[in-house]
Number of protein chains: 2
Amino acid sequence: MKNYIKIDEWKIIEEGFHPEHNRITESLCSIGNGRLGQRGMFEENYSGDTLQGSYIAGVYFPDKTRVGWWKNGYPEYFAKVLNSVNWIGINIHINGTPLDLNNCSVRSFVRELNMLDGYLYRSFIAKLATGEKVKVETKRFLSITDDECGLLEYSITAMNFSGELVLVPYLDFDVVNEDSNYDQKFWEEIEKSTAQGEATIVAKTKKLDFVVGAAMKYNLFKDGEPIKMPALPTERKKYAGNIVMIPVVEGETITIQKFVGIVSSLNYPVTLINSKAMEASFRAQQKGFHQLLNEHSEAWHKKWEEIDIKIEGDSAAQQGIRFNIFQLHQTYTGADDRLNIGPKGFTGEKYGGSTYWDTEAYCIPFYLSTADESVSRNLLIYRYKHLGKAIENAQKLGFNGGAALYPMVTMNGEECHNEWEITFEEIHRNGAIAYAIYDYINYTGDQQYLAEYGLEVLIGIARFWAQRFHFSQAKNQYVMHGVTGPNEYENNVNNNWYTSYIAKWCLNYCAEMLEWLKNEDISRYKEILKKTFFDENVELKFWKELTSNIYFPFDEERGVFLQQDGFLDKELKPANALESSERPLNQKWSWDRILRSCFIKQADVLQGIYFFEDHFDSDTIKRNFDFYEPMTVHESSLSPCVHSILAAGLGYEEKAYDMYLRTSRLDLDDYNNDACDGLHITSMAGTWMSVVKGFGGMRVKDGLLNFKPMLPAKWLSYQFKIKFRGNSLSVKIEKNRITFESFGTEDIQVRINNQLIVLGAQAAKTVSFNNVPIIQ
Amino acid sequence: MKNYIKIDEWKIIEEGFHPEHNRITESLCSIGNGRLGQRGMFEENYSGDTLQGSYIAGVYFPDKTRVGWWKNGYPEYFAKVLNSVNWIGINIHINGTPLDLNNCSVRSFVRELNMLDGYLYRSFIAKLATGEKVKVETKRFLSITDDECGLLEYSITAMNFSGELVLVPYLDFDVVNEDSNYDQKFWEEIEKSTAQGEATIVAKTKKLDFVVGAAMKYNLFKDGEPIKMPALPTERKKYAGNIVMIPVVEGETITIQKFVGIVSSLNYPVTLINSKAMEASFRAQQKGFHQLLNEHSEAWHKKWEEIDIKIEGDSAAQQGIRFNIFQLHQTYTGADDRLNIGPKGFTGEKYGGSTYWDTEAYCIPFYLSTADESVSRNLLIYRYKHLGKAIENAQKLGFNGGAALYPMVTMNGEECHNEWEITFEEIHRNGAIAYAIYDYINYTGDQQYLAEYGLEVLIGIARFWAQRFHFSQAKNQYVMHGVTGPNEYENNVNNNWYTSYIAKWCLNYCAEMLEWLKNEDISRYKEILKKTFFDENVELKFWKELTSNIYFPFDEERGVFLQQDGFLDKELKPANALESSERPLNQKWSWDRILRSCFIKQADVLQGIYFFEDHFDSDTIKRNFDFYEPMTVHESSLSPCVHSILAAGLGYEEKAYDMYLRTSRLDLDDYNNDACDGLHITSMAGTWMSVVKGFGGMRVKDGLLNFKPMLPAKWLSYQFKIKFRGNSLSVKIEKNRITFESFGTEDIQVRINNQLIVLGAQAAKTVSFNNVPIIQ
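What you see as residue numbers is a count from 1 along each chain, following the sequence as written. In the order they appear in the text, chains get letters beginning with A and ligands get numbers beginning with 1. Local features in this predicted model are restricted to residues of pLDDT 70 or higher, and side-chain atom pairs are both shown and tallied only at a pLDDT of 80 or more, whereas totals for entire chains, interfaces and linings draw on every residue. Each side-chain value is derived from all of the structure's non-hydrogen atoms; neither hydrogens nor water enter the calculation.

Engineer: Just to check I follow, could you spell out the state of the cysteines for this structure?
Structural biologist: What we call a disulfide is simply a covalent bond connecting the sulfur atoms of a pair of cysteines. By convention in this document, the label disulfide applies to cysteine sulfur atom pairs within 2.5 Å. Scanning the model with the defined rule gives 0 disulfides over all chains in all. Here Cys363(B) is not disulfide-linked; the sulfur of Cys641(B) is the nearest cysteine sulfur, at 10 Å.

Listed below in structure tokens is the structure:
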């Protein structure tokens, strides 16, 4: 854990330069607008440690590892998110010496992500080895009101000298991926042009030929007044810029505003890329830096009104939740239904910007409550559109009859990951995709989604499970072998409780929903049966037999579900018996040692209990939580939120709070020593759930909102807003009381600790935790 | 299975061109001399399907797959054998049209590997689209008497035309590896030169800077008479050759002999590479093609006298065993103790030319009997020299106190493989390395090897095992989790019977040998204890406790050792229930399906029984064989030989013979549909064992040779020669009788079916199977 980030309710602040943590700060200071993502690296050249990253959603490279041990059934490639055009670059030369914070003495350094207004700010004073002292201030943002535009303002004050400043604003496609093999590069130049005050480059990616165009213009100011200076266009391979020489007198401040347009062939025909990039850059310049920043900030303020969670009395917790909400909304806006939410968004190279089960298990609940229904529905339809490819994928693995196995990692519906223990075995993602359909319908009441799309997906998934179990003569039960559960610190195990459980649930849920549609709309029912070649007599019958006789490992003595066969043969130790020098295990231990240990990366049995909490009494939940929680090292970002929610439900206040801090400040405090690689975007939705579902105890049952609120001891209050079936509701929880404000046009019923309350339209109501209304 | 190779006792013959099997034939027709390996591809350009391969022992590339999921403890790279200089190349143009068998009508095609004389022959008649008809004959070999020289002779007869022939002999480093990612190339040119009649190139590999030089000269003949023709030197990047234009009259034959020298920085300083390559080429030309071929063939004849196995009455079996012996001796000669035996030798790209456990488990027994003791001893010392790196490797994985884990795949003692289920889990290789020490000492009686080298290796290995088991409270026994056995169709299993068994044996054997040395040479004993920081009181005591309480999975009902925990939960089916379209499974099934099935890639429990047959009564062996054999698909080349030996011991004659054919003709008949990738070199030693240890029943017990001979029904006799403790012995087995001929200088005792026989020095003796001497 690192503690160099200053606590502030609306900002992420690095005060004093921490080059040793530069990659982490770069990740934390990422900005984005759903289409573009930019790490918080410096504008000017920096020779110290940095992970350079400018990403474009949907632009990737199909990398290969053609090695002898490629497994039959693997995809042709795995996807790699590409570091794209460096659009922020401005190199600075002071009397001929390049400005490079690695070679200066630096003071008064501040790097600050302003979440309220949505921009990144930096300032510092640097003294060069040659004696010149400058003060620098920068601001940048990726506009959410015009998402093809990135803008920045860079001011430099000559503090103790007169002489010459050279500014080199540039665009650079000659960039590297850190994860490339032997520094392979991925961009090829198509065209470029430079002129005084502007530059444009169009480049394409190798293999998939994504074409990206970037164009820049800039304005110059001296002490705030516009100036014109001659510029020398400069070009090299995949690089274009301007060299601007400016005489300065001691005390003067030179400011450059850079207006960049970035567009890609995802949105325009290749022939228009050049002109569209130039247009965007021109548009931004016309509007001006401050005007566009104002519009951008206004848009963020409006968003915050809908999405903010306010916590009183605990600034660290407040900062954590806002950071999470902010980064999620920077990553995915719902504006483009071809996109999805990658585990690291566009803040680093890891996980390739691809879609994982995180979307269904973690992000959909977040968007259900905080965005229009259509956002979640589109995320479901994203998978519906990929059903054909999921069926093909299952066929490649030897399943038939319309069985569907969704990819673990995907850019376009195809599997693009190639570790067998993940690709072929981490099949629980199928369960999460089915569960999200249930979750969506349960939350929205939009049962018609089933008839229209959902049921076909459920049938494909159920069919997969029906084939994935097999009958064990020795056990006289159905078993499921060769599985990797959400706890990826076990690979290729037999009878993973979570996977078998969710599989059984999928089969039953699909059968029930078939029954429902049969009663509801027989013609659509028949249509689906025909389309899917579904044989009720054979398939439903077999599903019934199967689900009534599945083996689940169970420890009678402790009364706990066993994570998998053989779990009790392990040396069982609590995680707090580990030396701190051994953590995180995935960086300190070899893989085999991790696999052989009892330590759990992320909730696995507990993940199942979280999904299906109504299936278990609270004693069972408690026994399992008490057994597994101490062995869990939470080295998956998706883990602590689930523990926080369960702990809250069990009344383990301290644990719930600890886990909340861990999920909400995972990156800010760098718990797992990996924030340098990028942020854990998808788990940020889990942080939101920790508050709303955990502390707030929010559930939807039988079409009604339920709350079982609790208030962490350190907090004075917390407040969140949710959308529910056409209503919008603010919920504030204080000591012993909960206050609702409804923004809807109709009365709405909610349950507080099982007691029904009616909230008037457009009205507020405060209720004590023991359910007596105390203020009307 | 393919059956296009003609049966011949001394030759591998493709009669009629089979372009659809060209890669297979190229593999089968590989030539080599321990330092260089050359696939049987064509000299002239061929636009059809081909796997181009010219390899140099010890020259490799450290490839990377820098992907997000690199596991902690993985090596920095994995080794890739590099396709090296194409030295055989001669392009032919006939009246301006290139000769390319893919664009001709071809008849009378023969490609023939002559194993007796050690060369590759090819002849054909081709008719070009333009009407010209030529007859071509080629011969090539890699000299074993001057192992820096490769020679070839190429004759072309103008059958129906007069005109111009253009011959372009060349050297080409601008070659590709098929397994490279996106056609990355690995060679960089350092220098080259061409002149009339000669060309030289020196190139180096990327990253590791192996420098290789190749030089060529040639002679020309018309109808057998030397001619001189002007030549045009030709060069391009990494390529150098000569263009020779020769007028021909119908009926004339033009012959070119190409003399190539190839040397590398493994053997010379970089500055000498150029001149040493030229020297070798010059040397070859001076001696002449036929003279050098004669010497080469003579050397092969001499080898054959020592290594041949003769089988009467079964030409297919005869061809199989000779092919195996020939290819083994082409791959490893024992001349360079830095080299070892890769699973595919130098006949393809797979397995990277690296060392696996195959050497210890399969090749050492072969070299023990057929080569000087020093060859096996050097192979053991190869591992002794790597002990430090094996200890480092174990440390990387979290083991300490001098525990050693040898790499699964290595070029230089470092692990160079990166699949966790292999690298971290297939730890049984440690057992094979210990077993080879036992095997060597048992065979040679050279117990001093222990004191000098072996014991340190045993201690490192035993220490590893002592830490790799852990105590299970639930079982109240020591267990070993997270293992992949020799049957690689199971990954990450618990209590793999084979691995646990050999681990236990290692611990006991090391303890015994420590005891032996303590009694034998107390001062050396103390020296080793000091060097290894060995604490008798702690370590030996713990080993004793551990080995007395290890859990081995066992099925009481069937009386069989269980391959691993949970094996009986699988659906147990015989392999013959599989459709032939499903075989080989590793090409037809996905990996997860293979893992979940009961099907066995290679002997696993049976491998253990084979190693330790004296530990088990024959009923136990039979029960286990009967249980596992039907489920074994033999998709490891190392599998059938072990089954053949066990079947022979059990008196299952037919099974023993089937398995013998399978191992000996694995590549010739392409059982596993993978001979296209290269030959299965290491398993060829297993074929030899199938005859000598299987049918011959040869064992060494208490310093004596033992035989339990049987004669496959189809055979009239078989005969092999073995070296044993300074003696050399020929053994011929006919129906009901066995004939020995001793070439040693002292009497030697052997046991036939447990009865002791004395063989006189330099004498022959025939004994009936029921042990009555019948001819003196």
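Engineer: Sorry, what's going on with the sheet that holds strand β14 (residues 163–172) of chain A here?
Structural biologist: By way of backbone hydrogen bonds, the strands of a sheet pair with one another, either parallel or antiparallel. All names here are of chain A. Two strands are counted as paired when DSSP detects at least two bridges linking them. Secondary structure is summarised from DSSP: a helix means a run of H or I of at least four residues, a strand means a run of E of at least two, and numbering begins at the N terminus for each. Spatially, β9-β8-β14-β20-β19 is the arrangement adopted by the 5 strands of the open sheet, whose pairing is antiparallel. At either end of the open sheet lies a strand with only one pairing partner, and these are β9 (97–98) and β19 (231–236). Here β14 pairs with strand β20 (residues 239–248) via 8 bridges, running antiparallel. Residue pairing across strands places Glu164 opposite Pro247, the latter belonging to β20.

Engineer: Would you mind showing me how to read the environment of Ala764(B) here?
Structural biologist: Residue and element names in this part refer to chain B. Mapping Ala764 onto the fold places it in strand β34 (residues 764–768). Between buried and exposed lies partly exposed: a residue is buried under 20% and exposed over 50% of the maximum accessible area for its type, with that area taken using a 1.4 Å probe on protein chains only. Judged by relative accessible area, Ala764 falls into the partly exposed class, the value being 46%. Spatially, the C-alpha atoms of Ala764 and Ala129 are 63 Å apart, while their sequence positions differ by 635 residues.

Engineer: Looking at this model, I keep getting lost on the sheet that holds strand β20 (residues 239–248) of chain B. Mind explaining?
Structural biologist: If you walk across this open sheet you meet the 5 strands as β9-β8-β14-β20-β19 (chain B), and the pairing is antiparallel. For this open sheet the edge positions go to β9 (97–98) and β19 (231–236) of chain B, each flanked by a neighbour on one side alone.

Engineer: How should I be thinking about the side chain of Glu629(B) in this particular structure?
Structural biologist: Residues and elements named next belong to chain B. In this structure, Glu629 sits in the loop between α17 (618–628) and α18 (639–650). By relative accessible area, which is 6% here, Glu629 ends up buried. The term polar contact refers here to a pair of N or O atoms within 3.5 Å; inside protein, the definition further demands a hydrogen-donor-capable atom paired with an acceptor-capable atom, and it admits residues adjacent in sequence only when both atoms are side-chain atoms. Of note is the side chain of Glu629, whose polar atom sits 3.1 Å from the side chain of His634. Side-chain polar atoms of Glu629 contact the side chain of Lys655, separated by 2.9 Å. Whether two residues touch is decided by their heavy atoms; if any such pair falls within 4.5 Å, the residues are in contact. Beyond its immediate stretch of four places on either side in the chain, Glu629 contacts Leu606, Asn624, His634, His643, Lys655 and Met659.

Engineer: Mind showing me how you'd approach the relation of the copies chain B and chain A here?
Structural biologist: Both copies of the chain are related by one operation, a rotation about an axis with a shift along it. For these two chains of identical sequence, chain B goes onto chain A by a turn of 180 degrees and a shift of 0.1 Å along the axis, with RMSD 0.0 Å. As the rotation angle and translation indicate, the two copies are arranged about a two-fold axis. The copies are overlaid by a least-squares fit using only the C-alpha atoms of residues whose pLDDT is at least 70 in both copies.

Engineer: Honestly, the pattern of salt bridges in this entry has me stumped. Any pointers?
Structural biologist: One side chain can pair with another of opposite charge once the charged atoms of both are near each other. Residue and element names in this part refer to chain B. A pair is scored as a salt bridge if a Lys or Arg side-chain nitrogen falls within 4 Å of a carboxyl oxygen belonging to Asp or Glu. Taken as a whole, this structure holds 110 salt bridges over all chains when the rule is applied. One salt bridge in this structure joins Arg23 and Asp49, with 2.9 Å as the shortest N-O distance. One end of the pair, Arg23, is in helix α1 (residues 22–28); the other, Asp49, is in the loop between β4 (36–38) and β5 (54–56), and 26 residues separate them in sequence. Under the relative-accessibility criterion, Arg23 is labelled buried at 18%.

Engineer: How do you make sense of the interface of chain B and chain A when you look at a structure like this?
Structural biologist: One frequently used descriptor of interface size is the decrease in accessible area upon assembly of the parts. Facing 57 residues of chain B, the contacting portion of chain A comprises 57 residues. Summing the contributions of chain B and of chain A, the shared interface buries around 4800 Å²; its carbon and sulfur component is 52%. In this structure, the connection of chain B to chain A is made through 8 salt bridges. With its nearest N and O atoms 2.6 Å apart, the salt bridge here joins Glu419(B) to Lys71(A). At the boundary of chain B and chain A, one finds 18 residue pairs in polar contact (both at pLDDT 80 or more). The element that contributes the greatest number of residues to the side of chain B that touches chain A is helix α15 (residues 591–596) of chain B, accounting for 5 residues. Of the residues belonging to the side of chain B that touches chain A, the class tally is 16 nonpolar, 19 polar and 22 charged. Buried area, as used here, totals the accessible surface that two parts lose on assembly, with accessibility defined by a 1.4 Å probe and the loss added over both. Lys, Arg, Asp and Glu make up the charged group, whereas Ala, Val, Leu, Ile, Met, Phe, Trp, Tyr, Cys and Pro make up the nonpolar group; the residues left over, Gly among them, are polar.

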